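Okay, here's what each chain looks like letter by letter:
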Amino acid sequence: MADVKYIFVTGGVTSSLGKGIISASLAKLLQARGYSVTIQKLDPYINVDPGTLNPYEHGECYVTLDGAETDLDLGHYERFLNVPTSQANNVTTGRIYQTVINKERKGDYLGKTVQVIPHITDEIKRRIKLVTSGNKFDIVLTEIGGTVGDIESLPYIESVRQMKWELGTQNCIVIHLTLVPFLSATGEAKTKPTQHSVKALLEAGIQPDILVLRTERTLSQDIKKKVALFCNVEENAVVESVDVSTIYEVPIKMLGEKLDQTVLRKLGLPFEKDPPLTEWREFLTRLKNPKYFIKVGLIGKYVELPDAYKSISESFIHSGSMNECDVNVELIHSEEITDKNVAEKLKGLKGIVVAPGFGSRGIDGKISTVRFARENNIPFLGICLGMQCAVIEFARNVLNMEGAHSTEIDHKTKYPVIDLMEEQKSIIDKGGTMRLGGYKCIISKDSKTYHAYGKPEIVERHRHRYEFNDKYFEDFKRNGMIPVGLNPETNLVEIMELTDHKWFVGVQFHPEYSSTVINPHPLFVSFIKACIE
Ligand code: GLN
């Protein structure tokens with residue numbers, strides 16, 4: 001335990017400054033220097049996990065291989081580091097309190113008054129250390145959600161203060177991310193909000209070791225010096241993070257700002273010359289110099305908030321770069337699509353993706369979309385609910401099963417082609433009860449999916465309650481929609497493909513969760529290839 005080093009990232013001034021990206025970028029640089037690093041996110045809300053949250057609240061719910069429903073920042077961590085995260089990498093206030101209250105009910109506190117300090121803070125510290133139990137990592141980077149000064153984040157900030165006191169600055173540092181706004185009227189960059197947010201941290205007993213300043217424009221050395229003086233940090237520990245065109249540029253920027261060197265110096269860890277980041281730079285070069293340009297439609301019902309589809313959009317960036325292709329992903333509202341206007345709405349798209357989702361809102365538009373893609377031979381990728389819509393559409397329009405549906409939406413349908421999984425039937429609780437995380441799938445040879453993966457056995461992540469209804473297996477197969485991927489233990493259908501189509505694949509799982517910069521997901525890569533052709 002003693003030789004694990006801890007880095008905390010806090011945020012000030014406003015939310016949405018990109019703590020997740022700064023954390024992931026720093027972790028990437030430390031990893032490139034040979035350190036084993038993991039990143040953890042502590043979220044101050046009271047939901048036990050974000051699985052029960054509407055995507056409009058905090059964006060997409062990300063799913064780890066071990067089946068945790070987590071904050072979308074974990075997606076960034078995996079995409080940057082190419083290392084899987086787990087249940088331990090995301091902890092919420094709800095989970096902390098649940099553990100403490102369960103212990104209290106068991107009598108574990110032996111008659112003591114249970115309080116925020118020390119019981120909640122002890123549980124927070126235990127969770128922070130849990131992520132590296134068995135000394136799996138040299139460095140644990142913990143991002144504290146929210147903004148310093150929020151009532152909700154106080155117990156976390158207090159836990160950080162205690163850890164800093166217990167472990168010493170050589171083993172535990174705090175990086176504070178703030179905003180330096182630029183006032184165009186006077187042409188000035190303003191440091192006061194940063195000073196105030198550092199004061200808020202100081203009130204909680206924490207002197208930050210490093211400041212990262214988000215800014216629209218490059219900051220002068222004078223500004224950095226002023227911030228250093230007023231905020232009591234070394235001048236070379238004031239780092240600027242200027243707006244860039246892609247988040248994948250941030251590690252390179254942070255390397256230029258020597259953020260990683262400053263961190264390692266403060267933690268007393270050795271470092272040599274800068275890592276070349278060859279693969280990363282090649283990825284960026286391809287990304288910025290595309291040979292092809294295509295527009296792909298992403299049809300979903302949460303399009304007002306692009307973060308709701310974060311992993312899908314990022315997967316297109318990875319697979320686009322791989323294909324030297326600029327993929328313009330147009331978010332299209334499924335509620336606005338009808339059988340009548342579908343051709344107009346989807347005009348000019350080289351490929352169509354129907355997004356995951358829950359419930360009936362926008363479902364008809366998704367079904368019309370599938371029909372349009374199927375009949376017009378446009379490359380199609382259906383993800384989870386998207387695959388289920390493809391099944392419903394095929395049942396209705398090819399197999400003539402009028403009114404075929406998923407029982408999620410019409411529980412009285414005559415043709416329940418998508419139905420609740422057997423193991424789901426007795427479940428009442430909503431939180432953490434779906435079919436979650438990695439499951440095996442065996443792919444039939446000669447399918448497009450097999451060609452994409454180049455292997456017959458895969459493991460992909462899931463998040464659903466409904467499944468393809470086995471009863472109709474032969475009907476679909478006989479008529480050209482083939483279940484080409486099956487779970488070897490349960491025979492659940494994982495992949496559906498049309499034989500008579502350029503590229504039409506529906507997957508019950510979520511390929512987007514496992515696409516990374518270094519390993520773009522093969523299905524997205526193959527889909528983009530088909531769109532370019
Ligand atoms: N609502 C569907 C189900 O539960 C699909 C879920 C999803 O798209 N993630 O099966």
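### A short note on the overall build of the protein
Stage number 1. In terms of helices and strands, the protein carries 18 helices and 23 strands.
Stage number 2. Expected size for 533 residues packed as a compact globule is a radius of gyration near 24 Å; at 25 Å, the protein falls within 12% of this value.
Stage number 3. Referenced to the eigenvectors of the C-alpha coordinate spread, the extents of the protein come out at roughly 75 × 60 × 45 Å.
Stage number 4. Taking all 533 residues of the protein together, the buried fraction comes to 57%.
Stage number 5. Contacts in the protein between residues far apart in sequence, at least 24 positions, make up 73% of those at least 6 positions apart.
Stage number 6. Just so you have it, the protein exposes about 22,400 Å², and 50% of that area is on carbon and sulfur atoms.
Stage number 7. With 64 positive and 69 negative side-chain charges, the protein shows a separation of 2 Å between the mean positions of the two kinds.

### Focus on the nonpolar core
Stage number 1. Core analysis: the largest hydrophobic core is formed by 44 residues, its most contacted members being Ile 7 and Val 263.
Stage number 2. In terms of residue count, helix H1 (residues 19-32) provides more of this core than any other element does, 7 residues in total.
Stage number 3. Discounting residues that sit within four places of it in the chain, Ile 7 has contacts with Leu 26, Leu 30, Ile 139, Val 140, Leu 141, Thr 142, Ile 173, Ile 175, Val 263 and Leu 267.
Stage number 4. Of all hydrophobic cores here, the second largest spans 38 residues; its members include Ile 337, Leu 346, Val 391 and Tyr 466.

### A closer look at the sheet that holds strand S7 (residues 172-179)
Stage number 1. The strand order across the open sheet formed by 7 strands is S5-S2-S6-S1-S7-S10-S11, and the pairing between neighbours is parallel. Each end of this open sheet is capped by a strand with a single partner; those strands are strand S5 (90-92) and strand S11 (238-242). Going across the sheet, the axis of each strand differs from the next one's by a mean of 20 degrees, ignoring polarity.
Stage number 2. Here 6 bridges tie strand S1 (residues 5-11) to S7, and the two strands are oriented parallel to one another. Bridge pairing links Thr 10 to His 176 in S7.
Stage number 3. Across the sheet, helix H6 (residues 154-167) touches S1, strand S2 (37-43), S5, strand S6 (139-144) and S7, and the angle it forms with S7 is around 140 degrees.
Stage number 4. Strand contacts of helix H7 (residues 192-203): S1, S7 and strand S10 (210-215), with the helix running at about 145 degrees to S7, the strand carrying the most contacts.

### Looking at helix H10 (residues 259-266)
Stage number 1. Here H10 lies mainly inside the structure; 7 of its 8 residues are buried.
Stage number 2. Residues Leu 259, Asp 260, Gln 261, Thr 262, Val 263, Leu 264 and Lys 266 constitute the buried set of H10.
Stage number 3. A positive backbone phi angle near 70 degrees is found at Gly 268, which sits one or two residues after H10.

### Overview of the site of the ligand
Stage number 1. Lining the immediate environment of the ligand, one finds Pro 356, Gly 357, Phe 358, Cys 384, Leu 385, Gln 388, Glu 408, Arg 463, His 464, Arg 465, Tyr 466 and His 510.
Stage number 2. A distance of 3.0 Å separates an oxygen atom of the ligand from a polar atom in the backbone of Leu 385.
Stage number 3. Here Gln 388 contributes a side-chain N or O atom positioned 3.1 Å from an oxygen atom of the ligand.
Stage number 4. Across the complex, the protein chains shield 99% of the 300 Å² of accessible surface that the ligand would expose by itself.
Stage number 5. Among the secondary structure elements, those contributing two or more residues to the shell around the ligand are helix H15 (385-397) and strand S19 (457-464).

### Considerations on a nonpolar patch on the surface
Stage number 1. On the surface, a cluster of nonpolar side chains totalling about 330 Å² of accessible area is made up of Tyr 97, Ile 101, Val 116 and Ile 117.
Stage number 2. Listed by contribution, the elements that provide at least two residues to the nonpolar patch are helix H4 (93-106) and helix H5 (116-130).

### Considerations on the packing of aromatic side chains
Stage number 1. In the structure shown here, the tally under the stated rule is 14 aromatic pairs.
Stage number 2. With a centroid separation of 6.3 Å and an interplanar angle of 55 degrees, the aromatic rings of Trp 280 and Phe 283 are classed as tilted. You can see Trp 280 and its partner Phe 283 sitting in helix H11 (residues 278-288), 3 residues apart, about one turn around the helix.
Stage number 3. For Trp 280, a relative accessible area of 1% translates into the label buried.
Stage number 4. Given the relative accessible area of 1%, Phe 283 is considered buried.
Stage number 5. A centroid spacing of 5.1 Å and a plane angle of 85 degrees characterise the contact between Phe 316 and Phe 524, whose relative ring orientation is edge-to-face. Of this pair, Phe 316 sits in helix H12 (residues 310-322) while Phe 524 sits in helix H18 (residues 522-532), and the two are 208 residues apart along the sequence.

### A closer look at the pattern of salt bridges
Stage number 1. Applying the stated criterion across every chain, the model contains 36 salt bridges.
Stage number 2. Of the charged contacts, one joins Lys 288 and Glu 249 as a salt bridge, the two residues approaching to 2.4 Å between their closest N and O atoms. Of this pair, Lys 288 sits in helix H11 while Glu 249 sits in the loop between S11 and helix H9 (250-256); the two residues are 39 residues apart in sequence, bridging distant segments of the chain.
Stage number 3. A relative accessible area of 13% places Glu 249 in the buried class.
Stage number 4. Put simply, Arg 478 and Asp 475 hold a salt bridge, and the shortest N to O gap is 3.5 Å. With Arg 478 and Asp 475 both in helix H17 (residues 473-478) and 3 residues apart, the pair spans about one turn of that helix.
Stage number 5. Relative accessible area serves as the criterion here: at 24%, Asp 475 is assigned to the partly exposed category.

Conventions and cut-offs
Residues numbered from 1 in each chain as written. Predicted model: local features only at pLDDT ≥ 70, side-chain atom pairs only at ≥ 80, totals over all residues. Heavy atoms only, no water. Helix = DSSP H or I, 4+ residues; strand = E, 2+ residues; numbered from the N terminus. Rg over C-alpha atoms; globule rule 2.2 N^0.38 Å. Buried < 20%, exposed > 50% of the residue type's maximum accessible area, 1.4 Å probe, protein only. Contact = heavy atoms within 4.5 Å. Areas by Shrake-Rupley, 256 points an atom, 1.4 Å probe, with all protein chains shown as cover. Lys, Arg positive; Asp, Glu negative; His and termini not counted. Charge placed at Lys NZ, Arg CZ, Asp CG, Glu CD. Core = buried A, V, L, I, M, F, W, Y, C linked by side-chain atoms within 4.5 Å. Pairing = 2+ DSSP bridges. Axes fitted to C-alpha atoms, helices over the stretch in contact; angles between N-to-C directions. Near = heavy atom within 4 Å. Polar contact = N/O pair within 3.5 Å; in protein donor to acceptor, adjacent residues only side chain to side chain. Patch = residues over 30% accessible without salt bridge, like charges linked within 9 Å, V, L, I, M, F, W, Y side chains within 5 Å. Salt bridge = Lys/Arg side-chain N within 4 Å of Asp/Glu carboxyl O. Phe/Tyr/Trp six-rings, centres within 6.5 Å; stacked < 30°, edge-to-face > 60°.

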